[in-house]
Amino acid sequence: MILFFFAYALFFRRSMNKRIFVLFLIFWRYMETSHRVVFEKPNLPELTLHHTVVDMHFHSRHSDGLNRVSSIVRRARKLGIGLAITDHNAIRGAVRLATYADILTIPGIELTSREGAHLLVYFYNIETLIQFYESDVRPFLGKNVMTSLSLDMHGLIRRARQYKSLILFPHPHCAIYTGICNPMIAKDAQERLLGMADGVEVINAGNMKKWNLQCAVLGFNLGKCMTGGSDGHNLFQMGKAVTYADCPPNRTDFLDSVKNGTNRVIGKEMAFLQKVTSNGFKIKSSIRNSPHVMGKNVRFSYSIIHSRSRKVRDMVQRKIFRHAGS
Ligand SMILES: [Fe+2]
């Protein structure tokens, strides 16, 4: 193992590669000792035999996902897993999902704060999610579900905290401003907000490996709840990252396991081609429906990523201007 590390470090002399590898090495060690977080493709047929398995982060066509709830449920049944439909600032998908009694469903929502960072909130029953949505989300909606709410992150967490819920930051480290650990939010504010939440999503199958590793480091350092989900926007992505626990397959026991930290997380990032296809659809519909949100994303990306493809960047920017102007 050590020899392999040195061979790698010698071969890849660029410091960024080394840093990522060292992070990976630390986590390999964690995985061997705790198995709480495992970076590999979940073997769902095997896993579902002995555990309650849930994809905690999935999107339906009620926000920016591609599929109807009926197709999503068919796929979850086939995989033998439970599911949380966590649409952006919308609950119609989650409400429809809750009507299916033959699979484990977790009521949830992915909120966009005024700062642009996302927040996942899960509830023990669908009635509480509806009540939360009607009193604490709907009055603050923007012009569509993909737009930021007019509440800041502090206000959102404070409101969600009034209900029996589980509050987590999805993809806290990621390439755009939707993760809480982004440079547009001051470090002390990040720490305060992380302290207010129940935990973080440590594997998001739509995220990049280097960001997921940082999310996992954060999860272990916080010592709070850790979850995983595909963040899938189409059926093929479901189950690429999951949260599982040794508990009876019902909401209360499952969410309690997550709360108590007795759950585990396993997942692997989507293949590059899958990401390109999925993001292609997402970007196309985002440009059409929410050019201002896309514009913000592109501007943010300029500041943290040195885009190597000016051609693609300029093409996206042109389309955004065209739709924003129409
Ligand atoms: Fe998401």
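A few points on the structure.

Analysis parameters
- Residues numbered from 1 in each chain as written.
- Predicted model: local features only at pLDDT ≥ 70, side-chain atom pairs only at ≥ 80, totals over all residues.
- Helix = DSSP H or I, 4+ residues; strand = E, 2+ residues; numbered from the N terminus.
- Buried ≥ 20, exposed ≤ 12 C-beta atoms within 10 Å, placed from the backbone.
- Contact = placed C-beta atoms within 7 Å.
- Arc of directions from axis to C-beta.
- Pairing = 2+ DSSP bridges.
- Axes fitted to C-alpha atoms, helices over the stretch in contact; angles between N-to-C directions.
- Core = buried A, V, L, I, M, F, W, Y, C linked by C-beta atoms within 7 Å.
- Expected span 1.5 Å × (residues − 1).

Further remarks concern the overall build of the protein chain. Assigned secondary structure in the protein chain consists of 13 helices and 10 strands. Within the protein chain, the proportion of its 326 residues that are buried is 44%. Relative to all contacts within the protein chain whose residues are 6 or more apart in sequence, the contacts with residues 24 or more apart total 71%.

Another point: helix α6 (residues 126-137). Taken residue by residue, α6 has Leu129, Phe132, Tyr133, Asp136 and Val137 as its buried positions. The arc enclosing the buried residues of α6, seen along the axis, measures out at 110°, which places them on a common side. Structural note: α6 exposes Glu127, Glu134 and Ser135 on the side pointing more than 90 degrees away from its buried face. The inward-facing, buried residues of α6 contact α5 (92-97), β4 (108-112), β5 (118-123) and α7 (153-161).

It is worth spelling out the sheet that holds β5 at this point. The pairing of strands in a sheet comes from backbone hydrogen bonds and takes either a parallel or an antiparallel form. The sheet built from five strands is open, its strands ordered β4-β5-β6-β7-β8 with mixed pairing. Strands with a single pairing partner mark the edges of an open sheet, and in this sheet they are β4 and β8 (225-229). Averaged over neighbouring strand pairs, the angle between their axes works out to 35° when direction is ignored. Where β5 and strand β6 (residues 165-169) come together, four bridges link them in antiparallel fashion.

Here the focus is the nonpolar core. Within the largest apolar cluster, 72 residues are counted, with the highest numbers of intra-cluster contacts made by Val54 and Leu83. Other than its neighbours up to four places away in sequence, leucine 83 contacts Val54, Asp55, Phe58, Ile72, Ala76, Leu97, Ile103 and Thr105.

As a further point, take unusual backbone geometry. Across residues other than glycine, the phi torsion is negative in most instances, and most of the peptide bonds are trans. Phi at asparagine 89 takes a positive value of approximately 50°, unusual for a residue other than glycine. Given 22 C-beta atoms within a 10 Å radius, asparagine 89 is considered buried. Its identity as a non-glycine residue notwithstanding, aspartate 231 has a phi of 55°, on the positive side. In this structure, aspartate 231 sits in the loop between β8 and β9 (241-245).

Attention now moves to the pairing of β5. Counting buried positions over the six residues of β5 gives six, a clear majority of the element. On β5, burial covers both faces: His118, Leu120 and Tyr122 on one face and Leu119, Val121 and Phe123 on the other are all buried. One ladder, built from five bridges, connects β4 with β5; its direction is antiparallel. For glycine 108, the partnering residue across the bridge sits in β5 and is tyrosine 122. In textbook terms, the turn of a hairpin is the stretch between consecutive antiparallel strands, and for β4 and β5 this stretch comprises five residues, one of which, glycine 116, has a positive phi near 105°.

Side-chain positions along a regular strand alternate between the two faces of the sheet. Counted residue by residue, β4 has five buried out of five residues, so it is predominantly covered. Here β4 shows two buried faces, one formed by Gly108, Glu110 and Thr112 and the other by Ile109 and Leu111.

On to helix α9 (residues 209-222). With 14 residues, α9 should cover 20 Å at 1.5 Å per step; its first-to-last C-alpha distance of 20 Å lies within 8% of that length. When we look at burial in α9, the residues that qualify are Asn212, Leu213, Gln214, Cys215, Ala216, Leu218 and Gly219. Positive phi appears at glycine 223, one or two residues downstream of α9, with a value of about 70°.

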